[in-house]
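Listed here are the chains, written in short residue letters.
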Amino acid sequence: MSFTKGRLATIQQAFLVYGSTFADIFDLNHFITSLRDEVRIIEELPSELKRREESESPYSMVPISFASMTYYYRRALPCIQKHGILHFSLTDSRLANNGLPDEVQKLRCRVNYEALRFTQPIEETSRKIVSLLRQKGPFLVLHLRYEKDMVAFTGCIQGLTKQEVKEVTEMRYFYEGWKHKKIDARSRREHGSCPLTPDETVLILQALGIDRNSTIYIAAGKIYNEEKRLANLAMAYPNLVRKELVLEASELKPFLNHADQMAALDYSVAIESDIFIPTFGGNMAKAVEGHRRYVGFKTTILLDQKILVSLIDDYKKGTLSWDEFALLVKKTHQNLTGKPARRKEIPDHPRYEDFFYANPQECLPSFVDQPPISVTL
């Protein structure tokens, strides 16, 4: 697929810099010292191993997804013993959600919720955002995943114009590793695999009974064609804010053009909010959900997109009245609020089960000695 220079520039402008190091986001010294009794963490290799790394590439492997402890003992440990250095080229979702010793699961919690602490500038800035929001009372964080790259990556085109469909399709085909095959957007949406659009989100917030005068903080990057897409949401909820509106430009300047650091600010504010509502179940949404469970089961409304898009379509077709629609939305989510619940286990399909970091039940006292819930697809 060919691109003009102008089109390429438009695509590139949709992204911020993701090249932050660990120490740009997290307090490295705190991370190392807080885990020193359990894991030895070093900032650089010993001299002998460093010289070897400089002269030859370290041995690299890609661990299988959702691997057991046995896998690491049998496959990874011998490689470390043989080569001295082992590089994992992928690390996301490489450890099983279930079937691990409790001490390992609890270590994961200590890493996620105690050892990983944001840098002081991120911590201080996020606390200021929360303080300013609290001056107006309770607030809701809406994780509105409708950035241009998200729309392009998922291939979800509900409500887009022909020109917008063309733009996001070109973006998807431009990036290697993205889905280059044709995507059935209607099927994805019907299966609940699409982020809710901002207009769909308005209907859901109103159906859930979120007060018009509530302060709603949008935790997200730049929304695709933002002025048009957020018009109805801003009309329905006039106290709609985001970090760019809460802070002075000078306060936010150090984080601009660093997407990971901007996301860290949103993450911290989301943890502190009175209600958290994600419109798409991505990694950050799941991480916030689990963190909010860990700090006291704070209210997190977990939207069931598959049911919601069906209800929305029925309401728009006139099959459901507003009162019927609102009642069904409330009933659907009355038990989806981040309260104590067992993780759903699907032994043969771990990708489709509840993720550990969304519900770290081994670290939550409500679940001591309770049997797991197992589901067969």
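Notes on the structure follow. Since the model is a prediction, treat every value here as computed from it, not as a measurement. (Residues numbered from 1 in each chain as written. Predicted model: local features only at pLDDT ≥ 70, side-chain atom pairs only at ≥ 80, totals over all residues. Heavy atoms only, no water.)

## A look at the nonpolar core
Across soluble globular proteins, you tend to see nonpolar side chains buried next to one another.
Link 1 in the chain: Among the nonpolar cores identified, the biggest contains 39 residues, and Ile 204, Leu 233 and Phe 325 are the most heavily contacted of them.
Link 2 in the chain: Among the secondary structure elements, those contributing two or more residues to this core are β3 (139–143), α8 (148–154), α9 (162–174), α11 (198–207), β4 (215–218), α13 (231–236), α18 (305–317) and α19 (322–333).
Link 3 in the chain: Looking at this core, the element that brings in the most residues is α11, giving five residues.
Link 4 in the chain: Aside from chain neighbours lying at most four places away, what touches Ile 204 is Leu 196, Leu 303, Leu 308, Ile 312, Phe 325 and Val 329.
Link 5 in the chain: Membership of the second largest hydrophobic core comes to 26 residues, among which are Phe 26, Val 130, Leu 133 and Val 288. (Core = buried A, V, L, I, M, F, W, Y, C linked by side-chain atoms within 4.5 Å. Buried < 20%, exposed > 50% of the residue type's maximum accessible area, 1.4 Å probe, protein only. Helix = DSSP H or I, 4+ residues; strand = E, 2+ residues; numbered from the N terminus. Contact = heavy atoms within 4.5 Å.)

## A short note on α11
Link 1 in the chain: Burial analysis of α11 places eight of its 10 residues in the buried class, the great majority of the element.
Link 2 in the chain: Phi for Gly 209, located one or two positions after α11, is positive at around 85°.

## Some thoughts on the state of the cysteines
Link 1 in the chain: For the structure shown, the criterion picks out two disulfides.
Link 2 in the chain: The residue that forms a disulfide with Cys 109 is Cys 363, at a sulfur-sulfur distance of 2.0 Å. Looking along the S-S bond of the Cys 109-Cys 363 disulfide, the torsion reads about 95°, which is the right-handed sense. Of this pair, Cys 109 sits in helix α6 (residues 102–115) while Cys 363 is found in the loop between β7 (344–345) and β8 (373–374), placing the two residues 254 residues apart along the sequence.
Link 3 in the chain: Between the sulfur atoms of Cys 156 and its disulfide mate Cys 194 the distance is 2.0 Å. On the sign convention where negative is left-handed, the bridge of Cys 156 and Cys 194, at about -85° about the S-S bond, is left-handed. Remark: Cys 194 occurs in the loop between α10 (185–190) and α11 and Cys 156 occurs in the loop between α8 and α9; sequence separation between them is 38 residues. Judged on exposure class, the residue Cys 156 and its partner Cys 194 are both buried. (Disulfide = S-S within 2.5 Å.)

## So, the pairing of β4
Link 1 in the chain: The two faces of β4 match: Thr 215 and Tyr 217 on one face and Ile 216 and Ile 218 on the other face are all buried.
Link 2 in the chain: As judged from the four bridges shared by β3 and β4, these two strands associate in the parallel manner. Bridge pairing links Leu 142 to Ile 218 in β4.
Link 3 in the chain: Here two bridges tie β4 to strand β5 (residues 240–241), and the two strands are oriented parallel to one another. By the bridge assignment, Tyr 217 is partnered in β5 with Val 241. (Pairing = 2+ DSSP bridges.)

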